[in-house]
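Working through the structure, step by step
The residues making up each chain are set out below.
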Amino acid sequence: MTSKYNEIGTGYNRTRSADAYLTGRFYSLLRPPHAGKNLDIGCGTGNYAIALQNQGVNFVGIDPSEHMLDVARYRNNSIDWRLGAAEAVPALDGEFENTIAMLTIHHWSDRQKAFGEINRVLKPGGRFVIFTSCPDQMQHYWLNHYFPRMMAASMCQMPTIEDLISDLKYFGFRLIETEKYDVRNDLTDFFLYAGKPRPTLYLEPAFRRGISSFSSLISPTELTTGLRQLEKDIVTGDITRICEKYQSGAGDYMFIIAQKKPTAIEGSPSTS
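Quick summary incoming for the structure in this document. In this text, all values refer to a predicted model and were calculated from it rather than measured experimentally.

Turning our eyes to something else, we now look at the pairing of strand β7 (residues 253-260). Of all the 8 residues making up β7, 8 are buried; the element is thus mostly covered by neighbouring parts of the structure. Residues of β7 alternate between two faces, with Tyr253, Phe255, Ile257 and Gln259 on one and Met254, Ile256, Ala258 and Lys260 on the opposite face, all of them buried. Pairing analysis gives 6 bridges linking strand β5 (residues 122-132) to β7, with the strands arranged antiparallel. Within β7, the residue paired with arginine 127 across the bridge is glutamine 259. Bridge count between strand β6 (residues 173-181) and β7: 8 bridges; the pairing is antiparallel. Looking at the pairing, leucine 175 lines up with alanine 258 of β7.

This part takes up the pattern of salt bridges. Evaluation of the coordinates by the stated rule reveals 12 salt bridges. Residues glutamate 179 and arginine 25 are paired through a salt bridge, measuring 2.8 Å at the closest nitrogen-oxygen approach. Pair noted here: glutamate 179 is in strand β6 and arginine 25 is in helix α2 (residues 20-30), with a separation of 154 residues, a long-range link. Salt-bridge contacts for arginine 82 lead to glutamate 95; the nearest nitrogen and oxygen are separated by 2.7 Å. Here arginine 82 is found in strand β3 (residues 80-83), whereas its partner glutamate 95 is found in the loop between β3 and β4 (96-102), with 13 residues between them in sequence.

Right, let's get into the packing of helix α12 (residues 220-236) against helix α13 (residues 238-245). As a packed pair, α12 and α13 sit with axes 5 Å apart at the nearest point and diverge in direction by 110°. With respect to each other, α12 and α13 are oriented roughly perpendicular. Here α12 contributes Leu230, Asp233, Ile234 and Thr236 to the contact with α13, which in turn contributes Asp238, Ile239 and Ile242. The residue inventory of the contact of α12 with α13, partitioned by class, reads 4 nonpolar, 1 polar and 2 charged.

Inspection of the secondary structure assignment puts threonine 23 in helix α2. Residue classification places threonine 23 among the buried residues on the basis of a relative accessible area of 4%. The residues touching threonine 23, leaving out its near neighbours within four places in the chain, are Ala18, Tyr48, Ala51, Leu52 and Gln55.

Turning our attention to the pairing of strand β2 (residues 59-63). Regular strands show a simple pattern: their side chains alternate between the two faces of the sheet. With respect to burial, β2 is a largely interior element, 5 of its 5 residues being buried. Where burial is concerned, the two faces of β2 agree: the one with Phe59, Gly61 and Asp63 and the one with Val60 and Ile62 are both buried. Across 4 bridges, strand β1 (residues 37-41) lies against β2 in parallel orientation. By the bridge assignment, leucine 39 is partnered in β2 with valine 60. Bridge count between β2 and β3: 4 bridges; the pairing is parallel. Note that in β3 the partner of valine 60 across the bridge is aspartate 80.

Let us look at the environment of glycine 116. Residue position: glycine 116 is located in helix α5 (residues 111-121). Under the relative-accessibility criterion, glycine 116 is labelled partly exposed at 25%. C-alpha separation for the pair glycine 116 and methionine 68, spaced 48 residues apart in sequence, amounts to 25 Å.

Attention now moves to α5. Restricting attention to buried positions, one finds in α5 the residues Gln112, Ala114, Phe115, Glu117, Ile118, Asn119 and Val121. The inward-facing, buried residues of α5 abut β1, β4, β5, α9 (161-170), β6 and β7. The backbone nitrogen of glutamine 112 lies 3.3 Å from a side-chain oxygen of the residue at the head of α5, namely aspartate 110.

Core analysis: the largest hydrophobic core is formed by 54 residues, its most contacted members being Phe131, Trp142, Leu192 and Tyr253. Those residues in contact with phenylalanine 131 that lie beyond four places of it in its chain are Leu22, Phe26, Ala101, Met102, Leu103, Tyr181, Phe191, Tyr253, Met254 and Phe255. Counting residues in hydrophobic clusters, the runner-up holds 27 residues, among them Leu39, Ile41, Val60 and Ile161.

This brings us to the sheet that holds β3. An order of β3-β2-β1-β4-β5-β7-β6 is seen for the 7 strands of this open sheet, with the pairing classed as mixed. Edge strands, defined here as strands with exactly one partner in the open sheet, are β3 and β6. Ignoring which end each strand starts from, the neighbouring axes of this sheet average 20° apart.

As a further point, take the side chain of arginine 127. Locating arginine 127 in the fold gives a position in strand β5. For the buried arginine 127, no salt bridge exists, and the shortest N-O distance to an oppositely charged side chain is 5.3 Å, to glutamate 177. Excluding its chain neighbours within four sequence positions, the residues that come into contact with arginine 127 are Leu29, Leu30, Arg31, Glu97, Asn98, Thr99, Leu122, Ile176, Ile257, Ala258 and Gln259.

Calculation rules
- Residues numbered from 1 in each chain as written.
- Predicted model: local features only at pLDDT ≥ 70, side-chain atom pairs only at ≥ 80, totals over all residues.
- Heavy atoms only, no water.
- Buried < 20%, exposed > 50% of the residue type's maximum accessible area, 1.4 Å probe, protein only.
- Helix = DSSP H or I, 4+ residues; strand = E, 2+ residues; numbered from the N terminus.
- Pairing = 2+ DSSP bridges.
- Salt bridge = Lys/Arg side-chain N within 4 Å of Asp/Glu carboxyl O.
- Axes fitted to C-alpha atoms, helices over the stretch in contact; angles between N-to-C directions.
- Parallel < 35°, antiparallel > 145°, perpendicular 65-115°, else oblique.
- Contact = heavy atoms within 4.5 Å.
- Nonpolar A, V, L, I, M, F, W, Y, C, P; charged D, E, K, R; others polar.
- Polar contact = N/O pair within 3.5 Å; in protein donor to acceptor, adjacent residues only side chain to side chain.
- Core = buried A, V, L, I, M, F, W, Y, C linked by side-chain atoms within 4.5 Å.
- Lys, Arg positive; Asp, Glu negative; His and termini not counted.

Okay, here's the thing in structure tokens:
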């Protein structure tokens, strides 16, 4: 993952920025205290840590890509940026009030170990707010029509909501709530389905470059074929009919809000 994001990190912030609506939701769901440190795990170039710190919330950002962190330090050197991974968080026990994980859990090599680590570094009662998508949501992305193999590979990376909740509960968290998110027309953080209401964005190389699925999960042939068909359908207007076929009430992404219980549970679940 480190090498992949070192590569993606080149020009990453040209298309990826902290979206105002999502930043506001993180703030509201975290209910951050005025004192103490909060953790952005898998912080990338620090977009959300910086945006939330600008609202008076003290953040530490941790990421496995030194290149990403170099960009983050250049943008804001008052934040504590640390090289590390979710599976081995470079932090003391109970160091953080709350944790956010923005579109990062599908890149972790061992999600269960990571949840144990996040539980370790959170204070009792601390909140863990995850923003992610699950396969049930992604199967309704109209991108499946143009890039089916890429989307299949993307969905294979994503844990189901049931698995996430099960792991969270095992590792000492209680589920507070889940909150669906549908891509808005004014979204400024250009992740995978950000172009849902603006299909022409996918025709732009710079837009695709900041998205890991387009950077590492698609073949040149599928990319060329899919883009050619997408451009044709935009010109003819068929894109409207195709998008309508994929409409769903499942939401495009999801916030999962959990809270560390007073007593952590040690050990790890058996896996099949």
